[in-house]
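# An overview of the molecular structure
One-letter residues, chain by chain:
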Amino acid sequence: MAVRVKELPIRPAVENQTNLGNWALLTTQSHILRSQCKCNGNVQCNHCLYCHTLKIPDLPEMTFDRNTLTLTHTKSGCKIYLNTLDALKLVDDKQDLIKVSYSEEWLAKRQDSSHIKNTPKPFDWTFSTAYSGTLVDSSSHKISVNATTEEPDREKLMRRDKILYHTEFVMFEDELADNGSSKLIVKCRVMPTFVLILMRHYLRVDKVMIRVQETRIYCEDNWDYFLRDVTLREASFNELNHLQTSVLYDEWGINEHLRVLKRDLDKVCIENC
């Protein structure tokens with residue numbers, strides 16, 4: 001006789017809001033996305049929202065749909081919003097980018113991997129995303145983005161001031177059917193005079209390549225703007241074959257061994273409509 005497993009009820013996400021000067025930081029954290037429809041009447045569940053919105057044929061093994069971060073400029077209502085759905089919208093749903101960029105290594109890996117062989121249609125099965133946050137205007141103000149040379153205050157970053165709030169959470173994670181790792185995480189800390197946020201996508205395709213995109217958001221308590229620094233690093237396994245295994249598989253230590261492919265430093269300002 002089949003055993004019916006009783007699912008636990010969906011618990012509210014844990015919220016935390018920290019205010020600092022002109023800014024309010026809100027984080028929400030909860031469990032992974034349900035694997036089945038849980039629609040209630042006319043209210044669409046997040047499982048169906050993801051399935052209907054995204055064009056990719058599969059989702060990461062662990063998708064945290066309610067892990068979010070919002071940094072709001074309190075005077076204007078403008079904000080930057082970090083969320084998993086918008087991050088996955090930027091995954092290529094038409095071509096396998098690893099095949100395009102690393103054709104020889106990809107073909108060798110394909111021979112050994114039933115996961116890649118059985119992909120129903122070409123798409124970026126590594127869930128690579130260039131997501132750097134969702135900018136949201138308010139009814140009275142709009143956001144402008146311009147390149148800048150202004151950098152965060154390194155002296156403030158290095159000081160051992162009291163941490164008012166800090167957290168870290170995963171937005172999605174997938175082991176690529178034992179072919180590597182694809183992970184999008186968020187870290188943040190609120191200090192007495194500034195907010196620092198890091199969103200990091202780490203991708204490792206074993207025997208092929210490693211790629212890291214880091215988005216850093218920095219603002220001071222009395223600013224009406226924030227700085228956004230997006231840096232993309234990458235290297236093939238051939239370029240890294242001199243490294244010890246412990247270094248090669250160190251998700252954070254590998255940064256210094258990757259080539260910087262691109263860096264965009266922007267000043268994100270609040271303007272009247």
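As a reminder, the structure under discussion sits directly above these lines.
Our subject in this report is the structure included herewith.

Definitions and cut-offs
- Residues numbered from 1 in each chain as written.
- Predicted model: local features only at pLDDT ≥ 70, side-chain atom pairs only at ≥ 80, totals over all residues.
- Heavy atoms only, no water.
- Helix = DSSP H or I, 4+ residues; strand = E, 2+ residues; numbered from the N terminus.
- Polar contact = N/O pair within 3.5 Å; in protein donor to acceptor, adjacent residues only side chain to side chain.
- Pairing = 2+ DSSP bridges.
- Axes fitted to C-alpha atoms, helices over the stretch in contact; angles between N-to-C directions.
- Buried < 20%, exposed > 50% of the residue type's maximum accessible area, 1.4 Å probe, protein only.

### Section: the environment of Thr126
Checked against the element boundaries, Thr126 lands in the loop between α5 (114-117) and β6 (134-136). Sequence separation between Thr126 and Asn179 is 53 residues; the distance between their C-alpha atoms is 9.6 Å. A polar side-chain atom of Thr126 sits 2.9 Å from a polar atom in the side chain of Ser128.

### Quick word on the sheet that holds strand β4 (residues 68-73)
Ordered by their spatial adjacency, five strands build an open sheet running β1-β2-β4-β5-β6, and the pairing between neighbours is antiparallel. With one partner strand each, in any of the chains shown, β1 (14-20) and β6 form the two edges of the open sheet. Strand-to-strand twist of the sheet, defined as the mean angle between neighbouring strand axes without regard to direction, takes the value 15°. Alignment of β4 against strand β5 (residues 79-82), held across four bridges, turns out to be antiparallel. Pairing of Leu71 across the sheet is with Ile80, part of β5.

### Here we look at the pairing of strand β2 (residues 23-29)
Of all seven residues in β2, five are buried, a share of seventy percent or more. As paired elements, β1 and β2 share seven bridges and run antiparallel to each other. What sits directly across from Gln17, in β2, is Leu26. Pairing analysis gives six bridges linking β2 to β4, with the strands arranged antiparallel.

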